[in-house]
Amino acid sequence: MLRQATFLPTFAGWQKAARAALLAETPPDSILWQEIGENQPLLDLAEEPEPAQPARSTVKVPKKFVEVATRVACHADPQRWALLYRVLWRITHGEHQLMEIAVDADIHALAQMDKAIRHDVHKMRAFVRFRTIEHEGETWYVAWFEPAHHIVELNAPFFADRFAQMNWSILTPDRCVHWDGKDLTFTEGVPKSEAPLEDAVEPLWQKYYAHIFNPARVKVHAMTKEMPKRYWKNLPEAQLIPELLRKAPTRVNSMMAKSRASAAVDFHPAPVPESDDWAVVKKAACGCTACPLYKTGTQTVFGEGSWKSELVFIGEQPGDSEDLAGKPFVGPAGQLLDRALADAGIDRQLAYVTNAVKHFKWVPSGKRRLHKTPSPREVAACRPWLEAEMRIVKPKVVVCLGSTAAQAVLGPEVRVLRDRGTFRPSAFCEQTFVTVHPSSLLRAPDEAAREEAYRLFIADLKKVAHKMSAV
Ligand code: URA
Ligand code: SF4
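Rules and cut-offs
- Residues numbered from 1 in each chain as written.
- Chains lettered and ligands numbered in written order.
- Predicted model: local features only at pLDDT ≥ 70, side-chain atom pairs only at ≥ 80, totals over all residues.
- Heavy atoms only, no water.
- Near = heavy atom within 4 Å.
- Polar contact = N/O pair within 3.5 Å; in protein donor to acceptor, adjacent residues only side chain to side chain.
- Areas by Shrake-Rupley, 256 points an atom, 1.4 Å probe, with all protein chains shown as cover.
- Pairing = 2+ DSSP bridges.
- Helix = DSSP H or I, 4+ residues; strand = E, 2+ residues; numbered from the N terminus.
- Contact = heavy atoms within 4.5 Å.
- Axes fitted to C-alpha atoms, helices over the stretch in contact; angles between N-to-C directions.
- Parallel < 35°, antiparallel > 145°, perpendicular 65-115°, else oblique.
- Left-handed = near helix turned anticlockwise from the far one by under 90°.
- Nonpolar A, V, L, I, M, F, W, Y, C, P; charged D, E, K, R; others polar.
- Buried < 20%, exposed > 50% of the residue type's maximum accessible area, 1.4 Å probe, protein only.
- Right-handed = clockwise from strand over helix to strand, strands pointing away.
- Salt bridge = Lys/Arg side-chain N within 4 Å of Asp/Glu carboxyl O.

1. Some details on the site of ligand 1
Taken together, Gly 315, Glu 316, Gln 317, Pro 318, Gly 319, Glu 322, Pro 328, Phe 329, Asn 355 and His 437 are the residues near ligand 1. Here an oxygen atom of ligand 1 sits 2.9 Å away from a polar atom, N or O, in the main chain of Phe 329. Here Asn 355 contributes a side-chain N or O atom positioned 2.7 Å from a nitrogen atom of ligand 1. When isolated, ligand 1 has an accessible area of 240 Å², and the protein chains bury 93% of it.

In structure tokens, the structure reads:
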């Protein structure tokens, strides 16, 4: 007998329906996956409390499946739900290792969809271009983008983190997302027929979206979140609510909530001057107090080298020696970098060397100051300085040393060990390259591992040297 599973077409919606089907032992070919459409009443669903943790159940699946499924849920193919359930079913019916079997037809199909989503996510990050709009005395940044898949919500936390200090909207035919410095809000997509020409995004935004930031509406949103529906009828505004909710359904999932917490702005914007004069920008950076790291670092360690350079190296943050010297890469990691550059035939004097974060983050350990990895928020707070350096230097090749630099430049998806050794475009440079951080060589467990790591690092740097002779 065919059973219909009706669900909200989001990962959480599917997950809930899938869990119920699984617990009822409903095999994959007996389910008809029926998405709840736009025209269905959202109100009843909106009231349903979203559990902070997934409800306890007997369903245990590998973490990898959940990760992949979260992305694949955003794919435009309506068959994705059935595919996800088939894989889930097989995993929980004796094929626990299924995700590892790349040649399996279902896993292959899943991987293809996953790849398409990652690609789309990356494209949105690389190609969203904001235009400024003055609205009621405030500057808004508005962009138009056409994703191939339903990735707006998946990608929103990234934009909230990166552009935490700005008010912005990204309009798409699928969904629109807005950030007012505190909250992400989602609204319906813009009809494709209204897709604006490059510079006509402003009237569109004014027409559809400016009004959703009217405080009265925001309050309605807060109210509906906090007050059970049965009380609404007593409120004078009550009859307005369904209409407002229909127009601005702000179902914020737990991922958004997490992101909001991490992106909540108590950092103020880095005071980057518009100037193209490197010395002017550096001077301003030396007075930066945009994130708390200035309190514990001795000084801002700005980039150094030739600012006409075609080659830039980006590290993570200054270490103990750099913090005291005020120059990047002069301590143990810097010396190793110098040696490796020389072995690869690159003259450090011709390169510009900087860090993703300009203050040393550390924790005390006895008399020593131990390096502590900067948080994504600190990286985001400091990124305007990196942007300014890149704007001035305009390199032809950018080399990210290690994960913090790579993620600051290419976004959180990048993985150093997976992605090292190849060139790819970034917001800063067409030829952006990822390799390990030199200090990772210092951490190798023994001499043989150290030598091998060094050899691989040199091999990467030689690719950079070769690219420099070609660009
Ligand atoms: N590690 C870095 O990432 N940068 C430095 O400047 C020194 C050590
Ligand atoms: Fe400013 Fe960067 Fe230093 Fe934070 S780390 S205070 S953003 S220069």
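Resuming the write-up.
2. Digging into the sheet that holds strand 15 (residues 431–435)
Two pairing modes exist for strands in a sheet, parallel and antiparallel, and in both the strands are linked by backbone hydrogen bonds. Here we have six strands laid out as an open sheet, ordered 8-10-9-13-15-14, and mixed in their pairing. Two strands in the sheet have a free side with no partner beyond their single neighbour: strand 8 (304–305) and strand 14 (423–424). Here strand 9 (residues 311–315) pairs with strand 13 (residues 397–401) via four bridges, running parallel. Counted as the bridge partner of Val 312 is Val 398 from strand 13. Across the sheet, helix 19 (residues 447–470) lies against strand 9, strand 13, strand 14 and strand 15, angled at about 170° from strand 15, the strand it touches most.

3. Some points on the packing of helix 3 (residues 63–72) against helix 5 (residues 105–127)
Their axes nearest at 9 Å, the elements helix 3 and helix 5 cross at an angle of 60°. Put simply, helix 3 runs oblique to helix 5. When you trace helix 3 past helix 5, the crossing you get is left-handed. Across the interface between the two elements, Val 68, Arg 71 and Val 72 from helix 3 touch Leu 110, Met 113, Asp 114, Ile 117 and Arg 118 from helix 5. A per-class count over the contact of helix 3 with helix 5 returns five nonpolar, no polar and three charged.

4. Digging into the pairing of strand 5 (residues 167–171)
Counting buried residues along strand 5, five of its five residues qualify, which places the element largely inside the surrounding structure. Here strand 5 shows two buried faces, one formed by Asn 167, Ser 169 and Leu 171 and the other by Trp 168 and Ile 170. Both strand 4 (residues 138–144) and strand 5 contribute to a ladder of five bridges, which runs parallel. Residue Trp 144 lies in a different strand from strand 5, and its bridge partner there is Leu 171. Between strand 4 and its parallel partner strand 5, the chain crosses via helix 6 (residues 152–162), and the hand of that crossover is right-handed. Where strand 5 meets strand 6 (residues 175–179), three bridges bridge the pair, whose relative direction is antiparallel. Looking at the pairing, Ile 170 lines up with Val 177 of strand 6. The turn linking strand 5 back onto strand 6 is made up of three residues.

5. So, the pattern of salt bridges
A side chain with one charge may pair with a side chain of the opposite charge, provided their charged atoms come close. Counted by the stated rule, this structure contains 23 salt bridges. Glu 100 is paired through a salt bridge with Lys 64; the nearest N and O atoms lie 3.9 Å apart. Of this pair, Glu 100 sits in the loop between helix 4 (80–92) and helix 5 while Lys 64 sits in helix 3, placing them 36 residues apart in sequence. Residue Glu 100 is classed as exposed on the basis of its relative accessible area, which comes to 53%. The exposure class assigned to Lys 64 is partly exposed, which follows from its relative accessible area of 38%. Put simply, Arg 383 and Glu 387 hold a salt bridge, and the shortest N to O gap is 2.4 Å. Of this pair, Arg 383 and Glu 387 both sit in helix 15 (residues 376–393), four residues apart, which is roughly one turn of the helix. Connected through shared salt-bridge partners, Arg 86, Arg 90, Glu 95, Asp 104 and Asp 106 make up one network.

6. Observations concerning the environment of Leu 386
For Leu 386, the location among the structural elements is in helix 15. Classification of Leu 386 as buried rests on a relative accessible area of 1%. Taking the C-alpha atoms as reference, Leu 386 lies 8.6 Å from Gly 303; in sequence the two are 83 residues apart. If we skip the residues at most four places from it in the chain, Leu 386 touches Ile 314, Thr 354, Asn 355, Ala 356, Lys 358, Val 409 and Phe 428.

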